[in-house]
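# Fold and geometry: a report
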Amino acid sequence: MMLLSGDPPRSRALSILLVVIILALLATPFIFPGAKALNVAAKICIFAALVASYDLLLGYTGSVSFAHTMFYGIGSYAIAIALYGLGPNWTSVAAAVAAGLPLALLLALAIGLFSLRVEAIFFAMITLAVASAFLVLASQLSWLTGGEDGRSFQLPELLRPGTVFIGKEWFGFPINGRILTYYLVLSACALMILALLRVVNSPFGRVLQAIRENRFRAEALGYRTVFHLTYANCIAAVIAAGAGMLNALWLRYAGPDTSLSFSIMLDILLMVVIGGMGTIYGAIIGAAIFILAQNYLQALMSIASTAAADAGLPLLPGLLHPDRWLLWLGLLFIASVYFFPTGVVGRLRNKPGASR
Amino acid sequence: MTLTLETRDLTIRFGGHVAVNSVSCSFRPGELTAIVGPNGAGKTTYFNLISGQLAASSGTILFGGRDITGLSAPLRTRAGLGRAFQLTNLFPNLSVEENVRLAVQAQSGVHYDLLRPWMARRDLIARADAILDQVALGSRRGVTATTLSHGDQRKLEVALMMALQPDVFMFDEPTAGMSIDEVPVVLDLIGKLKQDRSKIILLVEHKMDVVRSLADRIIVLHNGQLVADGKPAEVIASPIVQEAYLGVSPRSAA
């Protein structure tokens, strides 16, 4: 209860769902063989933390930011540039953290103090402008960032796949640096999500909700809301940068497409909405559903399409052809927003019989 | 130190329209001043200027000898000015208890504490509940603010101001739209506040019976100007009020 900051899932179905997701993530290296499963699991962890930090802004303060991928990118590039430039050792990782997190913090502080005084739309526009500028900057400064190609780099020895701790004889596959990296990612993400849960349930977090509900009234109570909003923006930025660092460590690469592009921003928005805004738990659910769909829908459709063709059904094989997967992904999201306007978490919590 | 609230030549213009025109007036602790005047006379605007929701075009506001004209609304609240709004202004989707708890939290100066759960501050919750009992909303503490009846929302509005423990209470038509049986709860509350002689109480009110029974003093605003100031009986009887506010000419009243 203390770990969850007094904010449990408050629904049996939601608790079970979360436990299943977390157990699956914990056991992935042992029960789902292959590199793809591990990649998907790591991506779910990283995005759960990233989306949770975005939920702090969107769900709890009601401010729409388009700069979240920028902070994510700052984290990614900090790791990439440091490990590429200073060599694959832990000092470089420490340098990346020491440079990347403060940079994200300062940028968020500047954007917040500059634009959160006034109406929400201004903040949205400013973040959009700054994020676009940053994207251009990252692809232009190719001597530093590798431009469009990005930067590939080596990890510190301990985290490399070649570093074997336990040989094949125990589990049928080696426990190596790759698996260690996975658990590093998993535990760092879990810590960040628990920290966010603490923040939103603190007296400070309660003020954020008050601002979302009625900023004018919060001011009249004596809260200087611009500082609260800026503070929240900084926390979200630092967590996003942290998630970006883990992303780069996992991929051993940072580039515009994997860490800065607006399509990632869009994915984040979708995950928040699908999972349920203003819940933090929604981030875990949203990330799991979205990324699983993104990675396995095609394979599922291929099976379904073949089955339909074998059964001699008309039209269906064509509709279910794996090339149409984006169509189905889109339909899935429209349906989920239509049927769960408060997200999966909101839906499960409001179900009759859910314990409150 | 006596905490006197004073406005000097307080003026606000919206384009060519002067909504509050050079109003100079001072308010003393232990005194309940009713501000009356026809619709559009500038009463609520005058309130907004004092509590900082609007910035004055010219003039100054002094509170306890300190010039607070340049302070933002949150800082004026912290300085001791409490405001209950005319149009109910709550946190609609939060619980009744949470609405008041947020006000208590603000009053306690807990602004940026993010390391412990809010529930760990049981003292804040207990104080919020005590205030809800005072305004007879104790049984509704768990429901969302929007689901309250209009009258209960008005009471919650007053509860938020009480939670701030201000030196100046500014009520803007606290009984507007309330049913007859709900009005006494709010009037009792204001009466109790009055007994604490250290508070300045300002009350915008249309109901003349309420004003007569509560006010120690009445000021009249008309077209943004202060046109009368004095004891209730005198002010109500004065020709200018009869004409400007009650809409009767002195001749027909006589």
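Refer to the structure above for everything that follows.
A few points on the structure. (Residues numbered from 1 in each chain as written. Chains lettered and ligands numbered in written order. Predicted model: local features only at pLDDT ≥ 70, side-chain atom pairs only at ≥ 80, totals over all residues.)

Assigned secondary structure in chain A consists of 16 helices and four strands. Here the C-alpha radius of gyration of chain A, 21 Å, is about what a compact globule of 356 residues would show, namely 21 Å. Oriented by its inertia axes, the alpha-carbon framework of chain A measures out at about 65 × 55 × 40 Å. Scored against the burial criterion, the 356 residues of chain A give a buried share of 49%. The contacts of chain A with a sequence gap of at least 6 include a subset with a gap of at least 24, amounting to 74%. (Helix = DSSP H or I, 4+ residues; strand = E, 2+ residues; numbered from the N terminus. Rg over C-alpha atoms; globule rule 2.2 N^0.38 Å. Buried ≥ 20, exposed ≤ 12 C-beta atoms within 10 Å, placed from the backbone. Contact = placed C-beta atoms within 7 Å.)

Take the interface of chain B and chain A next. Across the contact, 28 residues belong to chain B and 23 residues belong to chain A. Every element with two or more residues in the side of chain B that touches chain A is listed here: α2 (73-79) and α3 (96-107) of chain B. Tallied by class, the residues present in the side of chain B that touches chain A amount to 18 nonpolar, five polar and five charged. (Nonpolar A, V, L, I, M, F, W, Y, C, P; charged D, E, K, R; others polar.)

Residue and element names in this part refer to chain B. Read from one edge of the open sheet, four strands run β2-β1-β4-β5, paired in antiparallel fashion. Strands with a single pairing partner mark the edges of an open sheet, and in this sheet they are β2 (17-27) and β5 (66-67). Note: strand β1 (residues 5-14) against strand β4 (residues 58-63), five bridges, orientation antiparallel. Pairing of T11 across the sheet is with S58, part of β4. The strands that helix α1 (residues 43-51) touches are β1, β2 and β4; relative to β2, the one it contacts most, it runs at about 65°. (Pairing = 2+ DSSP bridges. Axes fitted to C-alpha atoms, helices over the stretch in contact; angles between N-to-C directions.)

Bringing the pairing of strand β9 (residues 217-222) of chain B into the picture now. Residue and element names in this part refer to chain B. Most of β9 is tucked away, with five of its six residues classed as buried. Relative to β9, strand β3 (residues 31-36) runs parallel, the two sharing four bridges. Bridge pairing in β9 links A34 to I218. Of the pairings in the sheet, the one linking β9 to strand β10 (residues 225-230) comprises five bridges and is antiparallel in character. Bridge pairing links H222 to Q225 in β10. Connecting β9 to the antiparallel partner β10 that follows it, the hairpin turn spans two residues, and N223 within it adopts a positive phi of roughly 50°.

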